[in-house]
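# Report on the structure
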Amino acid sequence: MLNRLTQSMDFQAQALSLRAERQRLIASNIANADTPGYVARDMNFAQALKEATGVVPVAGQMAVTEPGHIQPTAGARSEAGLAYALNSQTSLDSNTVDMDRERASFAENSVKYEATLRFLNSQIKNVLDAMKGANQG
């Protein structure tokens, strides 16, 4: 029973963490919009979420042979898991940041981050309400 309660919250927590990481990437791209030679980075959110939740194996992840082994970062949270954004137009300074794309991505990711946060808060509130009801009975 407890396992089913935490699975949904774990999924939302993973999604929230990945949304925060994507927001950091987009902010970094925007901050470097005038940096000559800067190449914009992004992540495939759907793939990163599948990897984070264990639906698909993480490319480049080491096998854990003992329970105490520390797993190194792999997937979207490592530099190797990030993709380079496609250049929509050429620039003289070789910078690939497209501010229109970055602003749209930032706004979209912000809305989805907020929605994930609200959903997670709602789940936690429901569990707390259920626990309070069980204690009263």
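Note that the coordinates shown come from a computational prediction; the quantities given were computed from them, not determined experimentally. (Residues numbered from 1 in each chain as written. Predicted model: local features only at pLDDT ≥ 70, side-chain atom pairs only at ≥ 80, totals over all residues. Heavy atoms only, no water.)

## Considering the overall build of the chain
Per the secondary structure count, the chain includes three helices and two strands. Reading the secondary structure of the chain in the N-to-C direction produces α-β-α-β-α. Across the 137 residues in the chain, those meeting the buried criterion constitute 27%. Long-range contacts, defined as pairs at least 24 residues apart, comprise 73% of the intrachain contacts of the chain with a sequence gap of at least 6. Carbon and sulfur atoms make up 58% of the accessible area of the chain, which totals about 9300 Å². (Helix = DSSP H or I, 4+ residues; strand = E, 2+ residues; numbered from the N terminus. Buried < 20%, exposed > 50% of the residue type's maximum accessible area, 1.4 Å probe, protein only. Contact = heavy atoms within 4.5 Å. Areas by Shrake-Rupley, 256 points an atom, 1.4 Å probe, with all protein chains shown as cover.)

## What to know about the packing of aromatic side chains
The tally for this structure, following the rule as stated, stands at zero aromatic pairs. The ring centre of F45 lies 3.6 Å from the NZ or CZ of R19, which sits over that ring. A cation sits over an aromatic face here: R41 above Y84, 4.2 Å from the ring centre. (Phe/Tyr/Trp six-rings, centres within 6.5 Å; stacked < 30°, edge-to-face > 60°. Lys NZ or Arg CZ within 6 Å of the ring centre and 35° of its normal.)

## Quick notes on the nonpolar core
The nonpolar side chains of soluble globular proteins are, as a tendency, buried together. A15, L18, L25, M43, F45, A48, L49 and L82 form the largest nonpolar core, which has eight residues in total. Contributing elements (two or more residues each) for this core: helix 1 (2-31) and helix 2 (45-52). Core analysis: the next-biggest nonpolar cluster, separate from the first, contains five residues, A33, A40, A85 and V97 among them. (Core = buried A, V, L, I, M, F, W, Y, C linked by side-chain atoms within 4.5 Å.)

## Observations concerning the pattern of salt bridges
The full count for this structure, using the stated rule, is seven salt bridges. Among the ionic pairs, D42 bridges to R22, the shortest N-O distance being 2.9 Å. Of the two residues, D42 sits in strand 1 (residues 41-42) while R22 sits in helix 1, which places them 20 residues apart along the sequence. A salt bridge links K125 to D129; its shortest N-O distance comes to 3.2 Å. Of this pair, K125 and D129 both sit in helix 3 (residues 99-136), four residues apart, which is roughly one turn of the helix. By relative accessible area, which is 51% here, K125 ends up exposed. In this structure D129 comes out as partly exposed when scored by relative accessible area, which is 37%. (Salt bridge = Lys/Arg side-chain N within 4 Å of Asp/Glu carboxyl O.)

## Examining the confidence of the model for the chain
For the chain, the mean per-residue pLDDT works out to 84, and 85% of the residues sit at or above 70. Of all secondary-structure elements in the chain, the lowest mean pLDDT belongs to strand 2 (residues 83-84), at 85, while strand 1 reaches the highest, 92. (pLDDT = per-residue confidence, 0-100.)

## Things to note about unusual backbone geometry
Here the phi dihedral of S94 falls at roughly 65°; this positive angle occurs in a residue that is not glycine. Among the structural elements, S94 can be located in the loop between strand 2 and helix 3.

## Concerning helix 2
Those residues of helix 2 lying buried are F45, A48, L49 and E51. Seen from one end, helix 2 has its buried residues packed into an arc of 160°, which puts them on one side. Just downstream of helix 2, G54 is the residue with a positive phi angle, here 85°. (Arc of directions from axis to C-beta.)

## Quick look at the side chain of R41
In this fold, R41 is placed in strand 1. Overall, R41 belongs to the buried group, its relative accessible area being 14%. Engagement of the side chain of R41 in a polar contact is seen with the backbone oxygen of L82, the distance being 3.2 Å. (Polar contact = N/O pair within 3.5 Å; in protein donor to acceptor, adjacent residues only side chain to side chain.)

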